[in-house]
Amino acid sequence: QVQLVESGGGLVQAGGSLRLSCAASGSIRRFDTMAWYRQSPGKQRDLVAAITSGGTTYADSVKGRFTISKDNAKNTVYLQMNSLKPEDTGVYFCNARWTPVVERTYEHWGQGTQVTVSS
């Protein structure tokens, strides 16, 4: 019953910054994991960053440059992207997962937002 809507994408120059937002139509507190994935031209959709109650995790390619955070009161997840590189170009998707029992997982995806980093 949760819809995810990404925003904040756009065109930036290398070295610049961008902040992506993922707004949920309902509470995000039930989700075990919220994450950002990226799909670059000609590549598969890969994990960029994730946040759980235990902390955060990042792809090696973005460590030290990207920061994932969330605001439960606003039902929103953010991805702060600094020192952007052309290789960061792609469509960024918001993902939410909830595993109430071991054998069942509920997953939601947003429509994605385009990020283009020029050289």
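Preceding this paragraph is the structure being described.
Heads up: these notes are all about the structure in this document. No experiment lies behind these values; they were computed from the predicted model shown.

**Notes on the side chain of glutamate 6**
- Structurally, the position occupied by glutamate 6 is in strand β1 (residues 4-7).
- The side chain of glutamate 6 is buried and forms no salt bridge, while arginine 45, the nearest opposite charge, is found at 7.5 Å.
- From its side chain, glutamate 6 meets the backbone nitrogen of cysteine 94 in a polar contact 2.7 Å long.
- Side-chain polar atoms of glutamate 6 contact the backbone nitrogen of glycine 112, separated by 2.9 Å.

**Remarks on the state of the cysteines**
- Within this structure, the stated rule accounts for 1 disulfide.
- The side chain of cysteine 22 participates in a disulfide bridge whose partner is cysteine 94; the two sulfur atoms lie 2.0 Å from each other. Note on the cysteine 22 and cysteine 94 pair: the S-S dihedral is about -85 degrees, so by sign convention the disulfide is left-handed. Of the two residues, cysteine 22 is situated in strand β3 (residues 18-24) and cysteine 94 in strand β9 (residues 90-101); the sequence distance between them amounts to 72 residues. Cysteine 94 carries the same exposure label as cysteine 22, and that label is buried.

**Considering the environment of aspartate 71**
- Mapped onto the elements of the fold, aspartate 71 is located in strand β7 (residues 66-71).
- In this structure aspartate 71 comes out as partly exposed when scored by relative accessible area, which is 26%.
- Taking the C-alpha atoms as reference points, aspartate 71 and alanine 23, separated by 48 residues in sequence, lie 9.8 Å from one another.
- Dropping the residues within four chain positions of it, aspartate 71 is found in contact with Ile28, Thr76 and Tyr78.

**Re the packing of aromatic side chains**
- Counted under the stated rule, the structure contains 2 aromatic pairs.
- A cation sits over an aromatic face here: arginine 45 above tryptophan 109, 4.9 Å from the ring centre.

Calculation notes
- Residues numbered from 1 in each chain as written.
- Predicted model: local features only at pLDDT ≥ 70, side-chain atom pairs only at ≥ 80, totals over all residues.
- Heavy atoms only, no water.
- Helix = DSSP H or I, 4+ residues; strand = E, 2+ residues; numbered from the N terminus.
- Buried < 20%, exposed > 50% of the residue type's maximum accessible area, 1.4 Å probe, protein only.
- Lys, Arg positive; Asp, Glu negative; His and termini not counted.
- Salt bridge = Lys/Arg side-chain N within 4 Å of Asp/Glu carboxyl O.
- Polar contact = N/O pair within 3.5 Å; in protein donor to acceptor, adjacent residues only side chain to side chain.
- Disulfide = S-S within 2.5 Å.
- Contact = heavy atoms within 4.5 Å.
- Phe/Tyr/Trp six-rings, centres within 6.5 Å; stacked < 30°, edge-to-face > 60°.
- Lys NZ or Arg CZ within 6 Å of the ring centre and 35° of its normal.

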